[in-house]
Amino acid sequence: MNPLHPDLMASAAAVGARSARWDLPWLRSYDPGVPFSIDYPNRPVFGLLEDAARTSPSHVAVRCMESTLTYAELLERSHRFAHALIGLGVRRGTRVGIHLPNVPEYVVALAGTWMAGGTVVQLSPLMVEEEIDKVLEATNCQVVVSLDILTAPLHPLLARGRIRHLIVASLGPRVGPLDRWLYPIELLRRGLPWRSRPDRPGIDFDELLAGQPSHAPRVRIDPGRDAAVIQPTGGTTGTPKAAVLTHRNLMANSLQLRAWHNAVDGRDTVLAVVPFFHCYGLTVVLLASMASRDTLVLCPRFKPRVVARLIERTRPSILPAVPALYAAMNRYMERHPVDLSSIELSVSAASALDPEVRRRFEAHGARSLVEAYGLSEASPATHVNPVARGNRPGTVGLPLPDTLARVVDLDTGTRDLPAGQPGELVVRGPQVMAGYLDDAAETARVIRDGWLFTGDVATYDHDGYFRIVDRKKDLIKTSGYNVFPIEVEEVLRRHPAVSDVAVVGVPHAERGEIVKAFIVARPGSVLSRAEIDRFCGEHLAKHKQPRDVELCQDLPRNFLGKVLRRKLREPE
């Protein structure tokens, strides 16, 4: 058996000294051929692209709409972009914002920024002007790459000097003949200038690359210290922060995922629906695919009809997604059946996967849907179910190679808990972030002795499989009892008239908090409070039963489909 890295072995030994139960039981459950440990090259993360271009230069790296780029072409464009950024004043450590959906320009801007020595600031195209302004100010970011159709919130920031250089790409050349006529109309409808206008603000992406050198710039980078990405996140407590991920963090997590899949170089086609501006899309989809020389089919915006067509046209073998996407595809496929037999591996993360959603998706021919777990502070992946055998639905699987995991008591975080007992999940590995940007106090609170306290409540079993029970901050304390919202939600979802549900704790003068359920009824169904009380009385202990119930049309969610419990609590 190959051992873990020495620093992780020391951590495991320290844990073992406190508790003999921690003998890394998950190593016994690994798929055959998956290593316990990996050698990580001391290189910047764009080394993944360099290696792919060297060994598979003519292999298609990205496919988007009507265009493709090989790995050699992608590397050359990244070199040109890097030189262009250097010409604009980007130096080692300069922050460059990427405000793009899943398009080839995102990959070029990402790799090119790193090659120029810069740090990527992830900007969601869903952000409004005020949100973008706050991120740019907090990160001292004055160079932004965007898409012409998304630039409306950026123009005021450019006009008042918050943005010094705005680089603008366009989907126009990539769309089909009909959409090529409609694209300028859509820009005008949004009040945005078409590329033929001389007063169009910003620098044209393609024109910027023209005439730039095609060789790699010479920039010194320290993979273990230099930040590759600044990733805005809710943090482990739900308040806005920015995780600083180094080149080593991202390189390690990409190679961990490649090893977990026992990937064969260039074999797979990956459908990239999860946005790259989120850490899940960046590492699990983009960088892990690059590490395996896979072909990425880019989907700039999720629509079930568009995803269905891409599956039929490109026959992807891997589909990473979130439960909300799988559920949306199920609804679409009820009316428009899609052959999913090409999909050999589906990965679900970001929130719990409903067993019924899994069953219905796999009924269309998709195989091996595995659940995984991660967080932005860990680049993001820490746990994945085995992909060859041993997949256990309802769990998030096993810790990745070189990753240690423990469950500790919720009060002090110092006491290791036995199998089956819920506590806070803490993890350690080379993918754990350097810290939060300009927030030493919060970094010290979250990372203690090298262990990342995730804020998630979990259990583990004797085979090393972990299960996420809830968020620590969502734990409801009522009359001295602890109630996990997910447990109540799982029960309510079993009622045939319930389509969706979210459970939160709301303040109560006598009980501290009470359990409140927000319920979305299935179309055509009638739900009464008496029926809900009766059903919960049969399946839940009294302190877990909702004391307050609100029927609603839908639940507030973020772009990954996670319910925004904070918004549900706000009226209270």
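For the structure, check the block above.
Presented here is a report on the structure given in the accompanying data block.

**With respect to the overall build of the protein**
Summing up its helical and strand segments, the protein has 17 helices and 27 strands in all. A burial count over the protein gives 58% of its 572 residues as buried. Long-range contacts, defined here as pairs at least 24 residues apart, represent 69% of the contacts in the protein between residues at least 6 apart. Per element, the accessible surface of the protein, about 24000 Å² overall, is 51% carbon and sulfur.

**Some thoughts on the nonpolar core**
General note: in soluble globular proteins, nonpolar side chains tend to be found buried as a group. Counting residues in each nonpolar core, the largest one holds 140 residues, and the members touching the most others are Phe-81, Trp-114 and Leu-286. Ranked by the residues each element gives to this core, the list is headed by helix α10 (residues 279–291), at ten residues. If we skip the residues at most four places from it in the chain, Trp-114 touches Val-45, Phe-46, Val-120, Ile-221, Ala-228, Val-229, His-247, Leu-250 and Leu-287. Ile-476, Ala-517, Ile-532 and Cys-536 belong to the second largest nonpolar core, which has 18 residues in total.

**Topic: the sheet that holds strand β26 (residues 512–521)**
Pairing is mixed in the open sheet, where three strands are placed in the order β25-β26-β27. A single partner strand is all that each edge strand has here, and the edge strands are β25 (498–508) and β27 (548–551). Each strand of the sheet is rotated relative to its neighbour by a mean of 25 degrees, with strand direction disregarded. In terms of strand pairing, β26 meets β27 through four bridges, oriented parallel. Along β27, the bridge assignment pairs Ile-519 with Leu-551. The sheet contacts of helix α15 (residues 485–493) involve β25 and β26, and relative to β25 the element is tilted by about 145 degrees.

**Focus on the sheet that holds strand β19 (residues 435–436)**
Judged by pairing direction, the sheet is mixed, and its eight strands sit side by side in the order β7-β6-β5-β3-β4-β8-β9-β19 without closing on themselves. In the strand order of this sheet, the two ends are held by β7 (203–204) and β19, each with one partner. Relative to β7, strand β6 (residues 165–169) runs parallel, the two being bridged by two bridges. Bridging across to β7, Ile-167 finds its partner in Ile-203. Sheet strands in contact with helix α4 (residues 104–115) are β3 (95–99), β4 (119–122), β5 (143–147), β6 and β8 (227–233), and its direction is about 140 degrees off that of β4.

Conventions adopted
Residues numbered from 1 in each chain as written. Predicted model: local features only at pLDDT ≥ 70, side-chain atom pairs only at ≥ 80, totals over all residues. Heavy atoms only, no water. Helix = DSSP H or I, 4+ residues; strand = E, 2+ residues; numbered from the N terminus. Buried < 20%, exposed > 50% of the residue type's maximum accessible area, 1.4 Å probe, protein only. Contact = heavy atoms within 4.5 Å. Areas by Shrake-Rupley, 256 points an atom, 1.4 Å probe, with all protein chains shown as cover. Core = buried A, V, L, I, M, F, W, Y, C linked by side-chain atoms within 4.5 Å. Pairing = 2+ DSSP bridges. Axes fitted to C-alpha atoms, helices over the stretch in contact; angles between N-to-C directions.

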